[in-house]
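Each chain, letter by letter, is given below.
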Amino acid sequence: MLTPAVTRESSHPVRLDLAAPASGSRRPLFGLDAEVLAAHMEKIGQSAWRGQQLAHALYRQWVTEIDEISTLPRKVRRALAGEGWTVDRPQIVQVFRSVDGTERYLIKCQNGNREQVPNPPPDSSAETVETVWMPDGDGGEAGDSSDGLEMQPAARASSEGEATKMRNASSAPGLAAVLPVRQRKTWTRATICVSSQVGCAVNCQFCLTARLGLQRNLNAGEIAGQVVAVMARHGVQPGRDRLNLVFMGMGEPFLNYDAFMAAVRLLVHEVGLSPQRMTVSTSGIVPGIERFAQEPPELRPKLAISLNAPNDAIRSAIMPINGKWPIQAVMDAVRPMRLRPHERITFEYVLLGGVTDRPEHAREVARLVRRSGLPAKVNLIAWNPGPGLDYAMPSAESVDVFQEILAVAGVPVYLRQPRGRDIYAACGQLKRTIEE
Ligand code: SF4
(Lines give C-alpha, C1' and ligand atoms only; values in the text may rest on other atoms or scores of the structure.)
Protein backbone atom coordinates (compact mmCIF):
# COMPACT_ATOMS: atom_id res chain seq x y z
CA MET A 1 0.00 0.00 0.00
CA LEU A 2 1.25 3.48 -0.79
CA THR A 3 1.76 5.77 2.14
CA PRO A 4 -1.02 8.35 2.09
CA ALA A 5 0.43 11.79 1.46
CA VAL A 6 -1.66 14.24 3.43
CA THR A 7 -0.29 17.31 5.09
CA ARG A 8 -1.54 18.81 8.32
CA GLU A 9 -1.83 22.30 6.86
CA SER A 10 -4.90 24.19 7.93
CA SER A 11 -7.60 24.50 5.35
CA HIS A 12 -7.43 27.25 2.77
CA PRO A 13 -9.04 27.96 -0.59
CA VAL A 14 -6.97 26.52 -3.41
CA ARG A 15 -5.69 28.89 -6.08
CA LEU A 16 -6.58 27.36 -9.38
CA ASP A 17 -3.73 27.58 -11.82
CA LEU A 18 -3.93 30.02 -14.73
CA ALA A 19 -0.60 29.38 -16.38
CA ALA A 20 -1.05 29.84 -20.11
CA PRO A 21 -0.87 26.67 -22.20
CA ALA A 22 2.52 25.84 -23.59
CA SER A 23 2.94 26.89 -27.19
CA GLY A 24 0.92 24.63 -29.48
CA SER A 25 -0.77 22.75 -26.63
CA ARG A 26 -4.45 22.82 -25.67
CA ARG A 27 -5.60 23.48 -22.17
CA PRO A 28 -9.14 23.38 -20.76
CA LEU A 29 -10.68 26.42 -19.14
CA PHE A 30 -13.03 24.00 -17.39
CA GLY A 31 -11.78 23.71 -13.81
CA LEU A 32 -10.91 27.40 -13.38
CA ASP A 33 -13.25 29.42 -11.18
CA ALA A 34 -14.86 32.77 -12.02
CA GLU A 35 -12.26 34.72 -10.07
CA VAL A 36 -9.38 33.17 -11.97
CA LEU A 37 -11.20 33.59 -15.27
CA ALA A 38 -11.80 37.27 -14.44
CA ALA A 39 -8.09 37.71 -13.79
CA HIS A 40 -7.31 36.21 -17.16
CA MET A 41 -9.80 38.48 -18.89
CA GLU A 42 -8.08 41.47 -17.36
CA LYS A 43 -4.75 40.09 -18.48
CA ILE A 44 -5.92 40.09 -22.09
CA GLY A 45 -7.31 43.63 -21.81
CA GLN A 46 -10.95 42.81 -21.06
CA SER A 47 -13.19 43.81 -18.18
CA ALA A 48 -13.15 41.42 -15.23
CA TRP A 49 -16.89 40.77 -15.58
CA ARG A 50 -16.15 38.95 -18.81
CA GLY A 51 -14.80 36.25 -16.50
CA GLN A 52 -18.29 35.82 -15.06
CA GLN A 53 -19.68 35.44 -18.56
CA LEU A 54 -17.09 32.83 -19.33
CA ALA A 55 -17.83 30.95 -16.09
CA HIS A 56 -21.55 31.06 -16.85
CA ALA A 57 -20.96 29.58 -20.29
CA LEU A 58 -18.71 26.83 -18.91
CA TYR A 59 -20.64 25.80 -15.82
CA ARG A 60 -24.27 26.79 -16.46
CA GLN A 61 -24.64 26.57 -20.23
CA TRP A 62 -22.18 23.70 -20.66
CA VAL A 63 -20.91 24.97 -23.99
CA THR A 64 -18.86 22.54 -26.03
CA GLU A 65 -17.09 25.04 -28.32
CA ILE A 66 -15.56 28.41 -27.53
CA ASP A 67 -17.55 29.83 -30.44
CA GLU A 68 -20.79 28.94 -28.63
CA ILE A 69 -20.05 31.59 -25.98
CA SER A 70 -22.27 34.21 -27.53
CA THR A 71 -21.84 36.65 -24.63
CA LEU A 72 -18.16 37.10 -25.44
CA PRO A 73 -17.14 39.27 -28.39
CA ARG A 74 -15.73 37.31 -31.29
CA LYS A 75 -12.29 38.81 -30.86
CA VAL A 76 -12.16 37.58 -27.24
CA ARG A 77 -13.18 34.09 -28.28
CA ARG A 78 -10.49 34.16 -30.93
CA ALA A 79 -7.91 35.40 -28.46
CA LEU A 80 -8.70 32.54 -26.09
CA ALA A 81 -8.63 29.94 -28.84
CA GLY A 82 -5.43 31.46 -30.21
CA GLU A 83 -3.76 30.99 -26.84
CA GLY A 84 -4.68 27.30 -26.88
CA TRP A 85 -7.55 27.46 -24.39
CA THR A 86 -10.47 25.07 -24.92
CA VAL A 87 -13.81 24.49 -23.22
CA ASP A 88 -13.18 20.72 -23.12
CA ARG A 89 -14.51 18.92 -20.11
CA PRO A 90 -14.53 15.23 -19.17
CA GLN A 91 -16.61 13.23 -21.65
CA ILE A 92 -18.68 10.09 -21.19
CA VAL A 93 -17.18 7.47 -23.50
CA GLN A 94 -19.03 4.34 -22.35
CA VAL A 95 -22.36 3.75 -20.63
CA PHE A 96 -23.45 0.60 -18.83
CA ARG A 97 -27.12 0.55 -17.86
CA SER A 98 -28.45 -1.60 -15.02
CA VAL A 99 -31.80 -3.29 -14.89
CA ASP A 100 -32.61 -0.94 -11.99
CA GLY A 101 -31.97 2.24 -14.00
CA THR A 102 -28.52 2.91 -12.57
CA GLU A 103 -25.93 3.90 -15.14
CA ARG A 104 -22.19 3.47 -14.82
CA TYR A 105 -19.97 5.58 -17.03
CA LEU A 106 -16.42 5.47 -18.18
CA ILE A 107 -15.48 9.11 -18.38
CA LYS A 108 -12.45 10.31 -20.28
CA CYS A 109 -10.52 13.09 -18.63
CA GLN A 110 -8.37 15.08 -21.01
CA ASN A 111 -6.48 17.21 -18.60
CA GLY A 112 -4.82 14.76 -16.27
CA ASN A 113 -1.38 15.12 -14.84
CA ARG A 114 0.33 11.76 -14.80
CA GLU A 115 3.34 12.98 -12.92
CA GLN A 116 1.44 12.75 -9.67
CA VAL A 117 2.18 9.09 -8.99
CA PRO A 118 5.42 7.21 -9.48
CA ASN A 119 5.50 4.82 -12.45
CA PRO A 120 2.19 5.78 -14.07
CA PRO A 121 0.70 3.03 -16.25
CA PRO A 122 1.99 3.11 -19.81
CA ASP A 123 -1.42 2.56 -21.43
CA SER A 124 -4.30 5.01 -21.58
CA SER A 125 -6.14 3.47 -18.61
CA ALA A 126 -5.32 6.38 -16.31
CA GLU A 127 -7.32 8.67 -18.56
CA THR A 128 -10.70 7.15 -17.77
CA VAL A 129 -12.55 7.22 -14.51
CA GLU A 130 -15.89 5.86 -13.33
CA THR A 131 -18.97 7.77 -12.34
CA VAL A 132 -22.41 6.41 -11.44
CA TRP A 133 -25.90 7.83 -11.91
CA MET A 134 -28.62 6.52 -9.60
CA PRO A 135 -32.08 7.79 -10.44
CA ASP A 136 -34.66 8.02 -7.67
CA GLY A 137 -32.66 7.97 -4.52
CA ASP A 138 -29.29 7.16 -3.18
CA GLY A 139 -30.05 4.88 -0.32
CA GLY A 140 -29.42 7.16 2.56
CA GLU A 141 -26.71 9.67 1.78
CA ALA A 142 -29.14 12.57 1.66
CA GLY A 143 -29.02 12.50 5.42
CA ASP A 144 -32.58 13.63 5.78
CA SER A 145 -34.06 10.16 5.94
CA SER A 146 -35.65 10.70 2.58
CA ASP A 147 -33.70 8.35 0.42
CA GLY A 148 -32.70 5.35 2.44
CA LEU A 149 -34.59 2.47 3.85
CA GLU A 150 -34.95 3.46 7.46
CA MET A 151 -35.09 0.72 10.04
CA GLN A 152 -37.56 -1.73 8.60
CA PRO A 153 -36.83 -5.22 9.79
CA ALA A 154 -38.59 -6.73 6.82
CA ALA A 155 -36.33 -4.96 4.37
CA ARG A 156 -34.19 -7.36 2.43
CA ALA A 157 -31.11 -5.80 0.87
CA SER A 158 -29.32 -8.88 0.02
CA SER A 159 -29.77 -12.57 -0.39
CA GLU A 160 -28.45 -15.45 -2.38
CA GLY A 161 -31.73 -15.40 -4.27
CA GLU A 162 -31.16 -11.83 -5.26
CA ALA A 163 -27.67 -12.61 -6.47
CA THR A 164 -29.01 -15.37 -8.64
CA LYS A 165 -31.76 -13.11 -9.95
CA MET A 166 -29.17 -10.49 -10.74
CA ARG A 167 -27.05 -12.92 -12.72
CA ASN A 168 -30.05 -14.17 -14.64
CA ALA A 169 -31.64 -10.80 -15.33
CA SER A 170 -33.20 -10.98 -18.77
CA SER A 171 -32.39 -7.35 -19.38
CA ALA A 172 -28.69 -8.03 -19.41
CA PRO A 173 -26.31 -5.16 -18.78
CA GLY A 174 -24.80 -3.73 -21.85
CA LEU A 175 -23.35 -0.79 -23.60
CA ALA A 176 -26.02 1.88 -23.78
CA ALA A 177 -26.00 4.87 -26.04
CA VAL A 178 -23.54 7.55 -25.02
CA LEU A 179 -25.94 10.15 -26.37
CA PRO A 180 -27.85 12.41 -23.96
CA VAL A 181 -31.09 10.97 -22.63
CA ARG A 182 -32.76 14.26 -21.72
CA GLN A 183 -35.90 13.51 -23.67
CA ARG A 184 -36.54 10.39 -21.56
CA LYS A 185 -36.69 11.97 -18.12
CA THR A 186 -38.35 9.49 -15.78
CA TRP A 187 -36.74 10.36 -12.44
CA THR A 188 -37.80 12.78 -9.74
CA ARG A 189 -34.55 12.81 -7.81
CA ALA A 190 -31.14 11.33 -8.43
CA THR A 191 -27.67 10.81 -7.05
CA ILE A 192 -24.32 10.99 -8.82
CA CYS A 193 -21.43 9.03 -7.32
CA VAL A 194 -18.21 10.85 -8.15
CA SER A 195 -14.59 9.64 -8.26
CA SER A 196 -11.69 11.63 -6.85
CA GLN A 197 -8.78 9.50 -8.02
CA VAL A 198 -8.11 6.89 -10.69
CA GLY A 199 -7.80 3.73 -8.64
CA CYS A 200 -7.07 3.89 -4.94
CA ALA A 201 -4.14 3.38 -2.59
CA VAL A 202 -6.13 2.52 0.52
CA ASN A 203 -6.39 -1.20 -0.22
CA CYS A 204 -9.65 -2.11 1.51
CA GLN A 205 -9.75 -5.87 1.13
CA PHE A 206 -13.40 -6.07 0.09
CA CYS A 207 -13.19 -3.43 -2.66
CA LEU A 208 -12.63 -3.98 -6.37
CA THR A 209 -11.26 -0.47 -6.90
CA ALA A 210 -8.40 -1.31 -4.55
CA ARG A 211 -7.19 -3.90 -7.08
CA LEU A 212 -6.23 -1.07 -9.45
CA GLY A 213 -3.89 0.55 -6.95
CA LEU A 214 -3.53 4.30 -7.22
CA GLN A 215 -3.00 5.35 -10.82
CA ARG A 216 -3.29 9.09 -10.40
CA ASN A 217 -5.08 11.96 -8.72
CA LEU A 218 -7.81 13.81 -10.55
CA ASN A 219 -7.73 17.59 -10.65
CA ALA A 220 -10.63 19.87 -9.72
CA GLY A 221 -11.91 20.17 -13.29
CA GLU A 222 -11.85 16.41 -13.72
CA ILE A 223 -13.80 15.85 -10.50
CA ALA A 224 -16.40 18.59 -11.11
CA GLY A 225 -16.45 17.70 -14.82
CA GLN A 226 -17.79 14.21 -14.08
CA VAL A 227 -20.80 15.83 -12.44
CA VAL A 228 -21.41 18.25 -15.29
CA ALA A 229 -21.03 15.50 -17.90
CA VAL A 230 -23.70 13.42 -16.16
CA MET A 231 -25.96 16.43 -15.54
CA ALA A 232 -25.74 17.31 -19.23
CA ARG A 233 -26.59 13.74 -20.23
CA HIS A 234 -29.73 13.75 -18.10
CA GLY A 235 -30.67 17.41 -18.47
CA VAL A 236 -30.40 18.06 -14.72
CA GLN A 237 -31.15 21.66 -13.83
CA PRO A 238 -29.77 23.01 -10.53
CA GLY A 239 -32.53 24.56 -8.48
CA ARG A 240 -35.24 22.60 -10.29
CA ASP A 241 -34.07 19.03 -9.89
CA ARG A 242 -33.22 17.34 -6.66
CA LEU A 243 -29.69 16.08 -7.08
CA ASN A 244 -27.43 14.52 -4.46
CA LEU A 245 -23.71 14.07 -4.94
CA VAL A 246 -21.72 11.43 -3.13
CA PHE A 247 -17.95 11.48 -3.35
CA MET A 248 -17.77 7.73 -2.93
CA GLY A 249 -16.55 6.57 -6.32
CA MET A 250 -13.01 5.53 -7.12
CA GLY A 251 -10.37 6.82 -4.75
CA GLU A 252 -10.02 8.37 -1.34
CA PRO A 253 -11.04 12.06 -1.54
CA PHE A 254 -8.98 13.02 1.51
CA LEU A 255 -5.83 11.74 -0.18
CA ASN A 256 -6.49 14.26 -2.94
CA TYR A 257 -7.81 16.91 -0.59
CA ASP A 258 -7.01 20.18 -2.37
CA ALA A 259 -8.42 19.08 -5.70
CA PHE A 260 -11.48 17.57 -4.05
CA MET A 261 -12.32 20.75 -2.13
CA ALA A 262 -11.58 22.93 -5.16
CA ALA A 263 -14.07 20.79 -7.09
CA VAL A 264 -16.64 21.25 -4.34
CA ARG A 265 -16.22 25.02 -4.58
CA LEU A 266 -16.65 24.91 -8.35
CA LEU A 267 -19.79 22.82 -7.98
CA VAL A 268 -21.23 25.14 -5.34
CA HIS A 269 -20.20 28.57 -6.65
CA GLU A 270 -20.18 28.01 -10.40
CA VAL A 271 -22.44 25.04 -11.15
CA GLY A 272 -24.99 26.05 -8.52
CA LEU A 273 -25.33 22.85 -6.49
CA SER A 274 -26.00 22.77 -2.77
CA PRO A 275 -23.25 21.49 -0.46
CA GLN A 276 -26.02 20.27 1.82
CA ARG A 277 -26.83 17.67 -0.82
CA MET A 278 -23.24 16.46 -1.05
CA THR A 279 -21.59 13.77 1.06
CA VAL A 280 -17.93 12.84 1.09
CA SER A 281 -16.85 9.47 2.37
CA THR A 282 -13.43 8.79 3.82
CA SER A 283 -11.79 5.58 4.91
CA GLY A 284 -10.53 7.50 7.94
CA ILE A 285 -7.60 9.66 6.79
CA VAL A 286 -7.11 11.58 10.03
CA PRO A 287 -5.15 14.58 8.70
CA GLY A 288 -7.75 14.99 5.97
CA ILE A 289 -10.60 14.83 8.49
CA GLU A 290 -8.81 17.44 10.59
CA ARG A 291 -8.60 19.80 7.63
CA PHE A 292 -12.18 19.10 6.64
CA ALA A 293 -13.33 19.90 10.18
CA GLN A 294 -12.01 23.43 9.67
CA GLU A 295 -14.02 24.08 6.49
CA PRO A 296 -16.98 26.45 6.87
CA PRO A 297 -20.04 24.25 7.48
CA GLU A 298 -22.08 26.16 4.90
CA LEU A 299 -19.55 25.40 2.17
CA ARG A 300 -18.64 21.79 2.73
CA PRO A 301 -20.33 18.46 2.06
CA LYS A 302 -21.54 16.22 4.85
CA LEU A 303 -19.10 13.66 6.19
CA ALA A 304 -19.34 9.90 6.05
CA ILE A 305 -16.78 7.63 7.69
CA SER A 306 -16.29 4.14 6.28
CA LEU A 307 -16.32 2.30 9.58
CA ASN A 308 -17.06 -1.19 8.30
CA ALA A 309 -16.04 -3.05 11.43
CA PRO A 310 -16.97 -3.09 15.10
CA ASN A 311 -13.41 -2.98 16.48
CA ASP A 312 -9.80 -2.32 15.54
CA ALA A 313 -8.88 -5.99 15.17
CA ILE A 314 -11.48 -6.70 12.50
CA ARG A 315 -11.08 -3.27 10.89
CA SER A 316 -7.33 -3.67 10.53
CA ALA A 317 -7.87 -7.04 8.86
CA ILE A 318 -10.21 -5.66 6.21
CA MET A 319 -8.92 -2.05 6.04
CA PRO A 320 -5.12 -1.89 6.52
CA ILE A 321 -5.38 1.91 6.86
CA ASN A 322 -6.71 1.23 10.36
CA GLY A 323 -3.19 0.29 11.42
CA LYS A 324 -2.16 3.90 10.83
CA TRP A 325 -5.32 5.61 12.04
CA PRO A 326 -7.39 3.38 14.34
CA ILE A 327 -11.04 3.94 15.17
CA GLN A 328 -10.45 6.13 18.20
CA ALA A 329 -8.12 8.46 16.27
CA VAL A 330 -10.77 8.83 13.58
CA MET A 331 -13.48 9.61 16.14
CA ASP A 332 -11.23 12.17 17.82
CA ALA A 333 -10.56 13.88 14.48
CA VAL A 334 -14.28 14.16 13.72
CA ARG A 335 -15.26 15.56 17.12
CA PRO A 336 -14.19 19.23 16.62
CA MET A 337 -16.24 19.50 13.43
CA ARG A 338 -18.87 22.23 13.54
CA LEU A 339 -22.09 20.72 12.26
CA ARG A 340 -25.04 22.41 10.57
CA PRO A 341 -28.37 22.22 12.40
CA HIS A 342 -29.72 18.65 12.26
CA GLU A 343 -26.54 17.45 10.53
CA ARG A 344 -25.26 14.03 11.48
CA ILE A 345 -22.06 12.16 10.79
CA THR A 346 -22.68 9.01 8.79
CA PHE A 347 -20.91 5.79 9.61
CA GLU A 348 -20.88 3.55 6.57
CA TYR A 349 -20.85 -0.11 7.46
CA VAL A 350 -20.31 -2.82 4.87
CA LEU A 351 -21.79 -6.10 6.02
CA LEU A 352 -19.44 -8.93 5.05
CA GLY A 353 -21.03 -12.33 5.51
CA GLY A 354 -19.53 -14.08 8.55
CA VAL A 355 -16.94 -11.31 9.07
CA THR A 356 -18.74 -8.15 10.16
CA ASP A 357 -22.42 -9.09 10.17
CA ARG A 358 -22.90 -10.96 13.46
CA PRO A 359 -25.26 -9.84 16.23
CA GLU A 360 -22.33 -9.27 18.60
CA HIS A 361 -20.79 -6.96 15.98
CA ALA A 362 -24.01 -4.96 15.85
CA ARG A 363 -24.02 -4.56 19.62
CA GLU A 364 -20.38 -3.44 19.52
CA VAL A 365 -21.12 -0.90 16.76
CA ALA A 366 -24.05 0.47 18.75
CA ARG A 367 -21.80 0.94 21.78
CA LEU A 368 -19.08 2.54 19.65
CA VAL A 369 -21.43 5.05 18.06
CA ARG A 370 -23.18 5.94 21.30
CA ARG A 371 -19.90 6.30 23.20
CA SER A 372 -18.51 8.60 20.50
CA GLY A 373 -21.05 11.22 21.57
CA LEU A 374 -21.36 12.31 17.93
CA PRO A 375 -24.71 13.05 16.34
CA ALA A 376 -24.50 10.09 14.01
CA LYS A 377 -26.36 7.60 11.91
CA VAL A 378 -25.29 4.27 10.48
CA ASN A 379 -25.70 3.34 6.83
CA LEU A 380 -25.64 -0.41 6.34
CA ILE A 381 -24.46 -1.71 2.99
CA ALA A 382 -24.75 -5.38 2.16
CA TRP A 383 -21.41 -6.24 0.57
CA ASN A 384 -21.41 -6.22 -3.23
CA PRO A 385 -19.58 -9.19 -4.75
CA GLY A 386 -16.79 -8.81 -7.26
CA PRO A 387 -14.53 -11.19 -9.17
CA GLY A 388 -11.52 -12.29 -7.16
CA LEU A 389 -12.82 -10.95 -3.85
CA ASP A 390 -12.94 -13.67 -1.26
CA TYR A 391 -15.91 -12.55 0.84
CA ALA A 392 -19.52 -13.60 1.09
CA MET A 393 -22.69 -11.56 0.89
CA PRO A 394 -24.54 -11.39 4.21
CA SER A 395 -27.75 -13.35 4.52
CA ALA A 396 -31.02 -11.42 4.50
CA GLU A 397 -31.61 -12.56 8.04
CA SER A 398 -28.29 -11.25 9.34
CA VAL A 399 -28.95 -7.88 7.68
CA ASP A 400 -32.35 -7.67 9.38
CA VAL A 401 -30.99 -8.67 12.77
CA PHE A 402 -28.05 -6.27 12.53
CA GLN A 403 -30.33 -3.39 11.63
CA GLU A 404 -32.78 -4.21 14.38
CA ILE A 405 -30.11 -4.38 17.08
CA LEU A 406 -28.86 -0.90 16.17
CA ALA A 407 -32.38 0.52 16.03
CA VAL A 408 -33.32 -0.97 19.40
CA ALA A 409 -30.13 0.53 20.84
CA GLY A 410 -31.34 3.95 19.70
CA VAL A 411 -28.87 4.36 16.83
CA PRO A 412 -30.48 5.79 13.65
CA VAL A 413 -29.85 3.15 11.03
CA TYR A 414 -30.51 3.00 7.32
CA LEU A 415 -30.11 0.25 4.83
CA ARG A 416 -28.65 1.37 1.54
CA GLN A 417 -30.42 -0.25 -1.33
CA PRO A 418 -27.98 -1.99 -3.65
CA ARG A 419 -27.87 -0.18 -6.99
CA GLY A 420 -26.37 -1.33 -10.25
CA ARG A 421 -24.76 -4.53 -9.00
CA ASP A 422 -25.33 -6.19 -12.36
CA ILE A 423 -23.13 -3.62 -14.10
CA TYR A 424 -20.47 -3.38 -11.36
CA ALA A 425 -21.71 0.07 -10.38
CA ALA A 426 -22.43 -0.62 -6.71
CA CYS A 427 -20.28 0.40 -3.76
CA GLY A 428 -16.77 -0.98 -3.98
CA GLN A 429 -17.29 -2.35 -7.48
CA LEU A 430 -15.79 0.42 -9.58
CA LYS A 431 -12.89 -1.07 -11.47
CA ARG A 432 -13.58 -0.26 -15.10
CA THR A 433 -15.14 -3.70 -15.54
CA ILE A 434 -16.24 -3.97 -19.15
CA GLU A 435 -17.28 -7.63 -19.40
CA GLU A 436 -20.98 -8.20 -19.77
S1 SF4 B 1 -13.42 1.28 -0.32
FE2 SF4 B 1 -12.88 3.38 -0.99
S3 SF4 B 1 -11.03 3.86 0.19
FE4 SF4 B 1 -11.27 1.63 0.31
S5 SF4 B 1 -10.05 0.84 -1.43
FE6 SF4 B 1 -12.14 1.09 -2.18
S7 SF4 B 1 -12.17 3.13 -3.14
FE8 SF4 B 1 -10.35 3.04 -1.79
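Residues numbered from 1 in each chain as written. Predicted model: local features only at pLDDT ≥ 70, side-chain atom pairs only at ≥ 80, totals over all residues. Heavy atoms only, no water.

With that out of the way, let us pick up the overall build of the chain. Within the chain one finds 11 helices and 16 strands. In the chain, which comprises 436 residues, the share counted as buried stands at 58%. Surface exposure of the chain reaches about 17,700 Å², of which carbon and sulfur atoms provide 50%. (Helix = DSSP H or I, 4+ residues; strand = E, 2+ residues; numbered from the N terminus. Buried < 20%, exposed > 50% of the residue type's maximum accessible area, 1.4 Å probe, protein only. Areas by Shrake-Rupley, 256 points an atom, 1.4 Å probe, with all protein chains shown as cover.)

For W62, which is not glycine, the phi torsion reads 55 degrees and is therefore positive. Although it is not a glycine, N203 sits at a positive phi angle of roughly 70 degrees. By secondary structure assignment, the location of N203 is in the loop between strand 9 (197–199) and strand 10 (214–217).

Okay, the packing of helix 5 (residues 220–234) against helix 6 (residues 257–271) next. Where helix 5 meets helix 6, the closest approach of the two axes is 7 Å, and the angle between their N-to-C directions is 45 degrees. One element, helix 5, and the other, helix 6, form an angle in the oblique class. With respect to the hand of their crossing, helix 5 and helix 6 are arranged in right-handed fashion. Residues A220, I223, A224, V227, V228 and M231 of helix 5 lie in contact with helix 6, whose contacting residues are A259, F260, A262, A263, L266, L267 and V271. Of the residues belonging to the contact of helix 5 with helix 6, the class tally is 13 nonpolar, no polar and no charged. (Axes fitted to C-alpha atoms, helices over the stretch in contact; angles between N-to-C directions. Parallel < 35°, antiparallel > 145°, perpendicular 65-115°, else oblique. Left-handed = near helix turned anticlockwise from the far one by under 90°. Contact = heavy atoms within 4.5 Å. Nonpolar A, V, L, I, M, F, W, Y, C, P; charged D, E, K, R; others polar.)

The next subject is the environment of S274. Assignment of secondary structure puts S274 in the loop between helix 6 and strand 12 (278–282). Through-space distance from the C-alpha of S274 to that of E298 is 9.3 Å; in sequence the pair is 24 residues apart. Of note is the side chain of S274, whose polar atom sits 3.0 Å from the backbone nitrogen of Q276. (Polar contact = N/O pair within 3.5 Å; in protein donor to acceptor, adjacent residues only side chain to side chain.)

A few words on the pattern of salt bridges. Taken as a whole, this structure holds 12 salt bridges when the rule is applied. Its salt-bridge partner being R233, residue E103 comes within 2.8 Å of it at the nearest N-O pair. Here E103, found in strand 4 (residues 103–108), pairs with R233, found in helix 5; they are 130 residues apart in sequence, far enough to count as distant. Note on E103: relative accessible area 4%, which makes it buried. By relative accessible area, R233 is classed as buried at 2%. For the salt bridge of D332 with R335, the shortest nitrogen-to-oxygen distance reads 2.7 Å. Using a relative accessible area of 40% as the deciding quantity, one classes D332 as partly exposed. Residue class for R335 comes out partly exposed when judged on its relative accessible area of 37%. Bridged by salt links that share partners, the residues R97, E103 and R233 form one connected network. (Salt bridge = Lys/Arg side-chain N within 4 Å of Asp/Glu carboxyl O.)

As a further point, take the site of the ligand. Residues in contact with the ligand, as listed here, are C200, V202, N203, C204, C207, T209, A210, G251 and S283. Grouping the constituent residues of the shell around the ligand by class yields five nonpolar, four polar and no charged. (Near = heavy atom within 4 Å.)

Another aspect to go through is helix 1 (residues 34–43). Residues A34, V36, L37, A38, H40 and M41 constitute the buried set of helix 1. After helix 1 finishes, the residue G45 shows a positive phi value of roughly 85 degrees.

As a further point, take the packing of aromatic side chains. What the rule picks out here adds up to nine aromatic pairs. Considering the side-chain rings of F254 and F292, the 5.2 Å spacing of their centres and the 40 degrees angle between planes classify their relative orientation as tilted. Of the two residues, F254 sits in the loop between strand 11 (242–247) and helix 6 while F292 sits in helix 7 (residues 286–292), which places them 38 residues apart along the sequence. Three or more aromatic residues joined by ring pairs make a cluster, and in this case those are F247, F254, Y257, F260 and F292. (Phe/Tyr/Trp six-rings, centres within 6.5 Å; stacked < 30°, edge-to-face > 60°.)

Moving on, we get to the packing of helix 10 (residues 359–372) against helix 11 (residues 396–408). Here helix 10 crosses helix 11 at 30 degrees, and the two axes come no closer than 9 Å. Taken together, helix 10 and helix 11 sit at an angle that is classed as roughly parallel. Seen from above, helix 10 lies across helix 11 with right-handed handedness. Note on element contacts: helix 11 touches helix 10 through V401, F402, I405 and L406, opposite P359, H361, A362, R363, V365 and A366. Its residues assigned to classes, the contact of helix 10 with helix 11 shows eight nonpolar, one polar and one charged.

Put simply, the chain has an average pLDDT of 83, and 75% of its residues get 70 or more. Of the regions scoring below 50 in pLDDT, residues 112–124 engages in 17 contacts with residues more than four places distant in sequence or in other chains. Ignoring residues within four places in sequence, the model shows residues 140–175, a span with pLDDT below 50, making 88 contacts including any to other chains. (pLDDT = per-residue confidence, 0-100.)

Further remarks concern the side chain of R216. In this fold, R216 is placed in strand 10. Classification of R216 as buried rests on a relative accessible area of 2%. In this structure the side chain of R216 is engaged in a polar contact, spanning 3.1 Å, whose partner is the side chain of E222.

Here we come to the environment of N219. Among the secondary structure elements, N219 is positioned in the loop between strand 10 and helix 5. Sequence separation of N219 and A263 is 44 residues, and the distance between their C-alpha atoms is 7.9 Å. Within the local environment of N219, its side chain forms a polar contact with the backbone nitrogen of G221, the two atoms lying 3.1 Å apart.

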